[in-house]
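Descriptive structure summary
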Amino acid sequence: MSSSVSRLVSSVCKKIIKPYSPTPISLRCPKLSYLDQMVGGIYIPLALFYPKLSNRWSNKPNNVVSQHLEKSLSKVLTNYYPFAGKLNDNISIDCNDNGVEFFVTEINCPMSEIFNHPYFEKHNLVYPTEVINNQYTYEGSLAVFQLTHFNCGGIAISMCLSHKVGDGYTFGNFMNHWATIARNPLSSEIYPISPKFDGSFYFPPTKDEDSSNVSNNNIVPQREECVSKGFSISSSKLTALKARVINDSEVQNPSDTEVVSAFLYQRAMATKKLVNSDSIRPSLLHQAVNLRPPLPKHTMGNICSLFSILTKEEKEMDLARVVSKLRKEKEEVKQKYKNAKIEELLPITLEQHRKANDLLVNNSCYDLYRFSSLITFPSYEVDFGWGKPEKVISPISTSNPPIKNMFFLMADKNRDGVNLTCSMKKQDMLAFERDEELLRFASPTS
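Because the structure is a prediction, the values reported are computed rather than measured. (Residues numbered from 1 in each chain as written. Predicted model: local features only at pLDDT ≥ 70, side-chain atom pairs only at ≥ 80, totals over all residues. Heavy atoms only, no water.)

What follows deals with the UniProt feature "coiled-coil region" (unreviewed entry) in the protein. The sites that carry the UniProt feature "coiled-coil region" (unreviewed entry) are, in the present numbering, residues 312-343. Here residues 312-343 runs as 69% helix and 0% strand, with 36 Å between its end C-alpha atoms. (UniProt positions renumbered as here; feature names shortened; annotations may be inferred. Helix = DSSP H or I, 4+ residues; strand = E, 2+ residues; numbered from the N terminus.)

The 7 strands lie next to each other as β10-β9-β11-β13-β14-β8-β15, forming an open sheet whose pairing is mixed. Lying at the two open borders of the sheet, with one neighbouring strand each, are β10 (304-311) and β15 (443-444). Where strand β8 (residues 227-233) meets strand β14 (residues 418-424), 7 bridges bridge the pair, whose relative direction is antiparallel. Across the sheet, F231 pairs through a bridge with L420, a residue of β14. Its contacts with the sheet put helix α11 (residues 319-338) on β9 (283-290) and β10, and the angle it makes with β10 is roughly 145°. (Pairing = 2+ DSSP bridges. Contact = heavy atoms within 4.5 Å. Axes fitted to C-alpha atoms, helices over the stretch in contact; angles between N-to-C directions.)

Turning our eyes to something else, we now look at the packing of helix α3 (residues 62-77) against helix α6 (residues 168-183). Where α3 contacts α6, the axes come no closer than 9 Å and their chain directions differ by 125°. On the basis of their axis angle, the class for α3 and α6 is oblique. Note on packing geometry: the crossing formed by α3 with α6 is right-handed. Contacts between α3 and α6 pair H68, L69, S72, L73, K75, V76 and L77 from the former with F174, H177, W178, I181 and A182 from the latter. Of the residues assigned to the contact of α3 with α6, the class counts are 8 nonpolar, 3 polar and 1 charged. (Parallel < 35°, antiparallel > 145°, perpendicular 65-115°, else oblique. Left-handed = near helix turned anticlockwise from the far one by under 90°. Nonpolar A, V, L, I, M, F, W, Y, C, P; charged D, E, K, R; others polar.)

The terminal C-alpha atoms of helix α9 (residues 235-248), which comprises 14 residues, lie 20 Å apart, in line with the 20 Å expected from a rise of 1.5 Å per residue. Taken together, the buried positions of α9 are occupied by L238, L241 and V245. Down the axis of α9, the smallest arc covering the buried residues is 65°, so these residues share one side. Of the exposed residues in α9, the ones pointing more than 90 degrees away from its buried face are S236 and N247. (Expected span 1.5 Å × (residues − 1). Buried < 20%, exposed > 50% of the residue type's maximum accessible area, 1.4 Å probe, protein only. Arc of directions from axis to C-beta.)

Once that is clear, we can look at the packing of aromatic side chains. Throughout the structure, instances matching the rule amount to 21 aromatic pairs. Their ring planes at 85° and their centres at 5.2 Å tell us that Y80 and F174 sit as a pair that is edge-to-face. With a gap of 94 residues between them, Y80 in the loop between α3 and β3 (86-88) and F174 in helix α6 connect regions that are remote in the sequence. No difference in accessibility class separates Y80 from F174, as the two residues are buried. For the pair F174 and W178, a centre-to-centre distance of 6.2 Å together with 50° between the ring planes defines the contact as tilted. Taken together, the residues span about one helical turn, with F174 and W178 both in helix α6 at a distance of 4 residues. (Phe/Tyr/Trp six-rings, centres within 6.5 Å; stacked < 30°, edge-to-face > 60°.)

What follows deals with unusual backbone geometry. The linkage connecting R292 with the following residue, P293, adopts the cis geometry, with an omega of -10°. Among the structural elements, P293 can be located in the loop between β9 and β10. Cis geometry marks the peptide bond from P293 to P294; its omega dihedral reads 15°. Mapped onto the elements of the fold, P294 is located in the loop between β9 and β10. A positive phi is found at D97, a non-glycine position, where the angle reads about 60°. Following the sequence through the fold, D97 ends up in the loop between β4 (92-94) and β5 (100-107). Of note, N405 is a non-glycine position whose phi angle comes to about 55°, a positive value. Structurally, N405 is set in the loop between β12 (391-393) and β13 (406-411).

In structure tokens, the structure reads:
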């Protein structure tokens, strides 16, 4: 972070928040599932921006806002107790209730200057510095939080959660559960999903002596020198893209994730072709699929599988054709799990990962595009008691350096359009962000 940016920070205070109630002895040492073991120790970050607080919060001092979040965080950690513990190598989590780090900081600028800034570097001000700068090697708590106060009266709440403990679904449920408790501190309202960290029941871990070798995988990719950009696709433009797919394929109910992923993949391949003044470069699209259902919705951890599509020829770049291939692959994956017995879940998942890795290894000269989507998660509905966020910043924008050819999709504030961030090598991004077909449907936001 440059000195000109860091000078905006006027104060930082650190606290440790422990679970409100002690974790029962029977839950104190949950084993990591095989899928947890495969994931690298990266932290998943997300930030929510709230404008100047209104109603009963408008004249509250900063410390009252902080205490409100700290108390509710303590209560939700009783349900999400692994985040307040410590990793035991790559085997289990010691749920010792040591707590999570909670930072409070003040920034000498209005909130809009951060989330409207053309460079993602300023966004990092709202995250705990040490976590963002050391996302793979951070040795603090398994969940780290920061409350940022702006001089305009607005605030940002950021969270960095260890991927070892859970996936995006786990993250989303934690965030909503926390907000529910904060919004109704005196209510007996029960959050609809009571979390269980029982992933090892469905995906048994490897033997203890082999656990350190499991994480040598391709789930968490290596970083490269890239640039990140943000775009938005409005409701009307998304509808137009869907109409194109419906008219030209058998997929009559394409999802937002399918259509936007296929469109971005198509445009990335097309502009890469222009950069190289050559024919299309064979490409792979990797995407994760949530396994809840068929697995229970209350199961937290890393509960997902992978699927990929391969594109070798220019005729395969047609939008409707790409969507059809995505749908076909996803449905085939889901069908494999639908009627599987518990002891069959891990072999099926390992086979999916093997197929994805074999495609990559056997075609190492191909371009790989990774897509991750939280479109179905209502991130703009997260209300801690003072209303809904004005802006939500997606994880990819904080990667340092970013992951090459990574696309992250989220629903927009109205939940009828899509916000996305992507990262590419600088030369590729220059061509991508000027692509006329891309700009017909997507507007730059950064």
